[in-house]
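# A closer look at the structure
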Amino acid sequence: MNILVCVKRVPAPGAKINVTEDGLSVDSAHLGFTTSPHEECALEEAVQISERDGGEVTVLTLGPVEAEEQLRYGASVGAHHIILVPTDGSAWDPQRTAAALTTAIEQAEQANGQPFDLILFGNESADSGGFQVGVRVALKLGRPSVNAIKGIDPGDGSVIARREIDGGFEVYEVPTPAVLGIKEGINLPRYPTMKGRLASKKATLETAEIAAEPGGQALIRLHRPPEQASTTEILGTDETAAVRIVDILEEIGVLA
Amino acid sequence: MSLLVVLEHDRGKWVEANDEALTAARKLASDMGVELHAALVGVGARDLVSQAATGGAAVVHLCEHEVLTDYGPDAVGETVAQLVASINPSAITAVGTSRGNEVLAQLAARADLPFVANCMTVAPSDGPWSMTRVQWGGSLLEDATLDAPTKVLSFGHHSVVAEVADAPGAGEVREFAPALDPAMAATIVRDRDVQTAGVTLSTAPVVISGGRGVGSAEGFDQLEELAELLGGRVGCSRAVTNLGWRNHTDQVGQTGTRIAPEIYIATGISGAIQHWVGAMASKRILAINTDAEANMVTKADYAVIADLHKVVPAITAEIRRRQG
Ligand SMILES: Cc1cc2nc3c(=O)[nH]c(=O)nc-3n(C[C@H](O)[C@H](O)[C@H](O)COP(=O)(O)OP(=O)(O)OC[C@H]3O[C@@H](n4cnc5c(N)ncnc54)[C@H](O)[C@@H]3O)c2cc1C
Ligand SMILES: Nc1ncnc2c1ncn2[C@@H]1O[C@H](COP(=O)(O)O)[C@@H](O)[C@H]1O
């Protein structure tokens, strides 16, 4: 099974998210970068399937040239091919992103001479959370898609996909080639090994310059939600605080 | 002129999110000065018409087809896209649950329209609309504009408080029979694995979480013991799930579960923003941390600045002492 995984480079904020002065992006001057945990899990799932059943894994991202970092990380945990669609670093809306990714996927499939059996997305991107790029790409490619997937069993010509619902799972049997939106929890992503890291340096970065028209959603300004004013009552600095804690548990009625 | 709200159901069972959807849609329709229509799709939908009317729908579009034996993103998305092409509403909305956002994404892709997910407030106008929407799972807000002949947008789940409608809508039923390719059955739900859930993390009255500070998988035994005494559930941070100490089903945060207990006891958790957004709906927060500067501590209502391995057993012992 050949699998393509789409990941997006995003800053990794700590205790607080700061916004740049123009309000157009997260101030990442002192931050590292990562991808959404959903996308990390999508990649791990793809690598596990390829290790078990054969086939190759390709990672694709659209973003600034620095997004090569996320692609190399992908190679370090087992991806065979990495593709970058470079942008000037500005935020692309979901329609524009989906259009460019679709073209990149079509080009890659043409070069391979066959479609990817599975294309995996995160259920939503970590930052802008548009909940749609995967669905748009699936429809442009004319393939079935299901989101919020937390389990995949590849079969012959189809995959069983499990979607979490309240108190259980819905089960889908989707004919391949197909598109799935993955959620964290489907697996436990591995960390790169030293060998993986070395191999990732040698992976060939393919670049696909693709233009696409902006869509109808435009970012005006980012801002932090109003902070709930809070004063913290320090109950103590050792285990004797337990008495006060249990008083509080009684007061609020959670101690039957 | 109308606003179409797409309602959700599970084989004829009303879902709570619909009350939010109708509350938000009534207000938006009134701001737009248009009639509120509702779409109900698939098997069992017929039983829910009166609830949609009670929620304010003037017209209920009942969409049935033999392919629509259960939920399926492609079939439901295509049905809504055909309904929209037929009745031409000015805007389409839903609540941003998994299904709500998926169906609107399907609709938008099929109709080649933009789709703005998880709005908190929406200001309609004759030109482009303005809205404030959620980024980073709620850690950040985005002011955005939506320029399209037909507006497609969802409201963030839990960003609207459900209210009862002042007056019911007429609830006039209009049947709609979409033309669906039988191949769309490919992404219809086949089966369900239902697990018996006791108190779940999202509904537990008390949640006691551990972070990296717990130090090991075994370190969670003391949290389990306390949770049991309190009829609560044990949660954790992503650092803990990544270390393999706990299952992802226990993870609180942006990519885990959102909780809203009477009290959240966060032990050995630094309080990264992605963890905080999952916990901030808690009524009260108690942080137990060795670091007085940790974000979890400075944002909590109560804090103990000490080693959790000493404090947690002391709480358990104190409860046992009082209970005799
Ligand atoms: C897109 C994205 C999504 C994410 N989603 C989530 C999510 O859903 N949920 C989530 O939790 N994280 C999430 N994260 C990860 C998050 O950024 C943090 O890395 C994570 O929450 C840190 O976990 P922690 O607090 O357990 O660990 P740390 O940050 O390492 O904190 C450990 C804390 O334990 C304290 N401590 C140590 N020893 C003791 C002791 N003996 N007694 C008391 N205190 C002690 C320390 O002072 C410290 O405050 C996400 C990250 C990204 C980028
Ligand atoms: N710039 C991008 N490059 C590659 N994949 C992306 C990009 N933006 C979004 N995606 C993928 O689409 C999914 C859904 O994104 P979104 O619609 O923004 O929530 C993400 O989890 C990624 O898998």
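Procedures and definitions
- Residues numbered from 1 in each chain as written.
- Chains lettered and ligands numbered in written order.
- Predicted model: local features only at pLDDT ≥ 70, side-chain atom pairs only at ≥ 80, totals over all residues.
- Heavy atoms only, no water.
- Disulfide = S-S within 2.5 Å.
- Contact = heavy atoms within 4.5 Å.
- Buried area = accessible area lost by both parts, 1.4 Å probe.
- Polar contact = N/O pair within 3.5 Å; in protein donor to acceptor, adjacent residues only side chain to side chain.
- Near = heavy atom within 4 Å.
- Areas by Shrake-Rupley, 256 points an atom, 1.4 Å probe, with all protein chains shown as cover.
- Helix = DSSP H or I, 4+ residues; strand = E, 2+ residues; numbered from the N terminus.
- Pairing = 2+ DSSP bridges.
- Axes fitted to C-alpha atoms, helices over the stretch in contact; angles between N-to-C directions.
- Domains from an automatic or database assignment.
- Salt bridge = Lys/Arg side-chain N within 4 Å of Asp/Glu carboxyl O.
- Nonpolar A, V, L, I, M, F, W, Y, C, P; charged D, E, K, R; others polar.
- Buried < 20%, exposed > 50% of the residue type's maximum accessible area, 1.4 Å probe, protein only.
- Parallel < 35°, antiparallel > 145°, perpendicular 65-115°, else oblique.
- Left-handed = near helix turned anticlockwise from the far one by under 90°.

Following the criterion strictly, the structure yields 0 disulfides over all chains and no others. The thiol sulfur of Cys 236 of chain B is not disulfide-bonded, and the nearest other cysteine sulfur, from Cys 41 of chain A, lies at 13 Å.

The next thing to look at is the interface of chain B and chain A. Residue-level contacts link 86 residues of chain B with 82 residues of chain A. Contact between chain B and chain A buries roughly 6,800 Å² in total, counting both sides, with carbon and sulfur atoms accounting for 56%. The largest per-residue losses of area from chain B upon contact with chain A belong to Trp 136, Asp 143 and Arg 322 of chain B, which jointly make up 10% of the total buried on that side. Taken together, chain B and chain A are joined by 38 residue pairs in polar contact (both at pLDDT 80 or more).

This brings us to the site of ligand 2. Residues and elements named next belong to chain A. What surrounds ligand 2 is a group of 19 residues, the closest being Cys 6, Val 7, Glu 39, Leu 62 and Ser 125. For ligand 2, an oxygen atom lies 2.6 Å from a polar atom in the side chain of Glu 39. Within the backbone of Phe 131, an N or O atom sits 2.9 Å from an oxygen atom of ligand 2. Protein contact buries 97% of the 490 Å² of open area that ligand 2 shows by itself. The set of elements that each furnish at least two residues to the shell around ligand 2 consists of β4 (57-63), α3 (94-112) and β6 (118-122). With 3 residues, β4 is the largest single contributor of residues to the shell around ligand 2.

So, on to the sheet that holds strand β10 (residues 151-155) of chain B. Strand order in the open sheet formed by 10 strands is β12(A)-β9(B)-β8(B)-β7(B)-β10(B)-β6(B)-β1(B)-β4(B)-β5(B)-β11(B), and the pairing between neighbours is mixed. Here the strands that pair on one side only, and so sit at the sheet edges, are β12 (217-223) of chain A together with β11 (172-176) of chain B. Pairwise comparison of adjacent strand axes, ignoring direction, gives a mean angle of 35° for this sheet. The sheet strands contacting helix α4 (residues 98-111) of chain B are β1 (2-6), β6 (91-95), β7 (116-123) and β10 of chain B, and the helix crosses β6 of chain B at an angle near 155°.

This part takes up the domain arrangement of chain B. A common way to state how big an interface is: give the accessible area lost once the parts meet. Residue and element names in this part refer to chain B. Split by domain assignment, chain B resolves into domain 1 (2-187) and domain 2 (206-323). A straight line from the C-alpha centre of domain 1 to that of domain 2 covers 37 Å. Contact residues are listed per partner, giving 4 residues for domain 1 and 6 residues for domain 2. Between domain 1 and domain 2 lies a buried interface of about 380 Å² when both sides are counted; carbon and sulfur atoms form 51% of it. Its largest share of buried area at the contact with domain 2, domain 1 owes to Trp 136, Gly 137 and Ser 139, together 88% of the area lost on that side. The tally of links from domain 1 across to domain 2 stands at 0 salt bridges. Here domain 1 and domain 2 share 1 residue pair in polar contact (both at pLDDT 80 or more) between them. The residue inventory of the side of domain 1 that touches domain 2, partitioned by class, reads 1 nonpolar, 3 polar and no charged.

We now examine the side chain of Ser 76 of chain A. All names here are of chain A. With respect to the element layout, Ser 76 can be found in helix α2 (residues 68-76). Exposure remark for Ser 76: the relative accessible area of 8% places this residue in the buried category. Looking at Ser 76, its side chain comes within polar contact range of the main-chain oxygen of Tyr 73, at 2.6 Å.

This part takes up the sheet that holds strand β13 (residues 233-236) of chain A. The 6 strands lie next to each other as β13(A)-β17(B)-β16(B)-β15(B)-β13(B)-β14(B), forming an open sheet whose pairing is parallel. Strands with a single pairing partner mark the edges of an open sheet, and in this sheet they are β13 of chain A together with β14 (233-236) of chain B. Across the sheet, the mean angle separating the axes of adjacent strands is 25° when strand polarity is ignored. Direction of pairing for β13 of chain A relative to strand β17 (residues 302-305) of chain B: parallel, over a ladder of 3 bridges. Among the inter-strand pairings, Glu 233 of chain A is bridged to a residue of β17 of chain B, identified as Tyr 302 of chain B.

Below, the discussion takes up the packing of helix α6 (residues 242-251) of chain A against helix α9 (residues 308-323) of chain B. For the pair α6 of chain A and α9 of chain B, the least separation of the axes is 9 Å and the interaxial angle reads 60°. Relative to α9 of chain B, the element α6 of chain A is oriented oblique. At the point where α6 of chain A passes α9 of chain B, the crossing takes the right-handed sense. Contacts from Ala 242, Val 243, Ile 245, Val 246, Asp 247, Leu 249 and Glu 250 of chain A of α6 of chain A reach α9 of chain B at Val 311, Ala 314, Ile 315, Glu 318, Ile 319 and Arg 322 of chain B. A class-by-class count of the residues in the contact of α6 of chain A with α9 of chain B yields 9 nonpolar, no polar and 4 charged.

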